[in-house]
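Spelled out from the first residue to the last, the chains are:
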Amino acid sequence: MVKYSAIYTFANFALFQIAWALAVFLQDKAVFGLILIAYLSWRISPTKWSDLKIITACSLTGILVDNVLFWLGIFQFPSVYIIPVWLILLWVNFTLTLNHSLRWLVNIPKIGAAGLGAVFGTLSYCAGFHIGAVVFPHSLVFTIAILLPLWALLMLGFLEVVKRVNASIVNATT
């Protein structure tokens, strides 16, 4: 079992907050910084192999969901075919928190984790909307009504991935 230090957990949280701010305020200009933060977060991680599995499964899921929302016209970006690179990299940075600073969500009741995912995932997009990083062509209420249940389900799915990845590593070492 990996011991998580409070310093590493805080560093993981802080690095994601920096990545989020860079992404929504600088967008395409933040790409190098977002790559650097993701690499640094992964490099200092005590669970690199688990993180790669979680990043792969959860980032691809998030990127696919955001692309579907983009293709359905729920989100608008200046790009033509797919979501912007900065948002793809933001997904990578976010999924690096799932096994570390957000790991505590695995141990709370699912309804609580779903509720927190719904509220804070949706708030993140709403903040991006107000900053101008994303356009909601429909009403804010309509978009929130789509995002709330979607983020509740995403968070539950992401936490299930974290549980399974960590269980498979524990089982492989015993």
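Draft legend 1. Main features of the overall build of the chain. From N to C terminus, the chain includes 6 helices and 0 strands. N-terminal to C-terminal, the α/β element order of the chain is α-α-α-α-α-α. The C-alpha radius of gyration computed for the chain amounts to 16 Å, which stays within 12% of the reference 16 Å derived for 174 residues, consistent with globular compactness. In terms of principal-axis extent, the alpha carbons of the chain reach across some 50 × 35 × 25 Å. In the chain, which comprises 174 residues, the proportion classed as buried is 43%. For the chain, the proportion of contacts with a sequence separation of at least 24, taken over those separated by at least 6, is 74%. As displayed, the chain has an accessible area near 9,200 Å², and 75% of this comes from carbon and sulfur atoms.

Draft legend 2. Structural context of the environment of Thr9. Positionally, Thr9 belongs in helix H1 (residues 6–26). Separated by 132 residues in sequence, Thr9 and Val141 place their C-alpha atoms 34 Å apart.

Draft legend 3. Region of the structure containing empty space enclosed by the protein. What the rule picks out here adds up to 1 cavity of 30 Å³ or more. Each pocket or cavity is described by its volume, and for the largest cavity that value is around 40 Å³. What lines the largest cavity is simply Asn12, Leu15, Phe16, Ile37, Ser41, Asn93, Leu96 and Thr97. Among the secondary structure elements, those contributing two or more residues to the lining of the largest cavity are H1 and helix H2 (31–43). For the lining of the largest cavity, the leading source of residues is H1, giving 3 residues. Across the lining of the largest cavity, the residue classes tally to 4 nonpolar, 4 polar and no charged.

Draft legend 4. Spatial organisation of the side chain of Ser50. Mapped onto the fold, Ser50 is located in helix H3 (residues 48–71). Residues in contact with Ser50, not counting those within four places in the same chain, are Asn99, Val165, Asn166 and Ile169.

Draft legend 5. Examining the packing of aromatic side chains more closely. Tallying each qualifying case throughout the model produces 15 aromatic pairs. Ring centres of Phe94 and Phe158 lie 6.2 Å apart, and the angle between their planes is 55°; this geometry places the pair in the tilted category. Of the two residues, Phe94 sits in helix H4 (residues 85–95) while Phe158 sits in helix H6 (residues 140–173), which places them 64 residues apart along the sequence. For the pair shown, Phe94 and Phe158 are each scored as buried. Through a chain of ring-to-ring contacts, three or more aromatic side chains come together here, namely Phe16, Phe70, Phe75, Phe77, Trp86, Trp91, Phe94, Tyr125, Phe129, Phe136, Trp151 and Phe158.

Draft legend 6. Looking closely at the nonpolar core. Phe75, Phe77, Trp91, Phe94, Leu98, Trp151 and Phe158 are the most contacted members of the largest nonpolar core, which has 43 residues in total. Looking at this core, the elements that each hand over two or more residues are H1, H2, H3, H4, helix H5 (110–131) and H6. Top contributing element to this core by residue count: H6, with 8 residues.

Draft legend 7. Structural view of the pattern of salt bridges. Counted according to the given criterion, the structure contains 1 salt bridge. With its nearest N and O atoms 2.9 Å apart, the salt bridge here joins Arg164 to Glu160. Taken together, the residues Arg164 and Glu160, both in helix H6 and 4 residues apart, mark about one turn of the helix.

Each value, and the rule that gives it
- Residues numbered from 1 in each chain as written.
- Predicted model: local features only at pLDDT ≥ 70, side-chain atom pairs only at ≥ 80, totals over all residues.
- Heavy atoms only, no water.
- Helix = DSSP H or I, 4+ residues; strand = E, 2+ residues; numbered from the N terminus.
- Rg over C-alpha atoms; globule rule 2.2 N^0.38 Å.
- Buried < 20%, exposed > 50% of the residue type's maximum accessible area, 1.4 Å probe, protein only.
- Contact = heavy atoms within 4.5 Å.
- Areas by Shrake-Rupley, 256 points an atom, 1.4 Å probe, with all protein chains shown as cover.
- 1 Å grid on protein atoms, 1.4 Å probe; cavity = no way out; pocket = protein on both sides within 12 Å on 5 of 7 lines; lining within 4 Å.
- Points joined across faces, edges and corners; volume = space filled by probe spheres on them.
- Nonpolar A, V, L, I, M, F, W, Y, C, P; charged D, E, K, R; others polar.
- Phe/Tyr/Trp six-rings, centres within 6.5 Å; stacked < 30°, edge-to-face > 60°.
- Core = buried A, V, L, I, M, F, W, Y, C linked by side-chain atoms within 4.5 Å.
- Salt bridge = Lys/Arg side-chain N within 4 Å of Asp/Glu carboxyl O.

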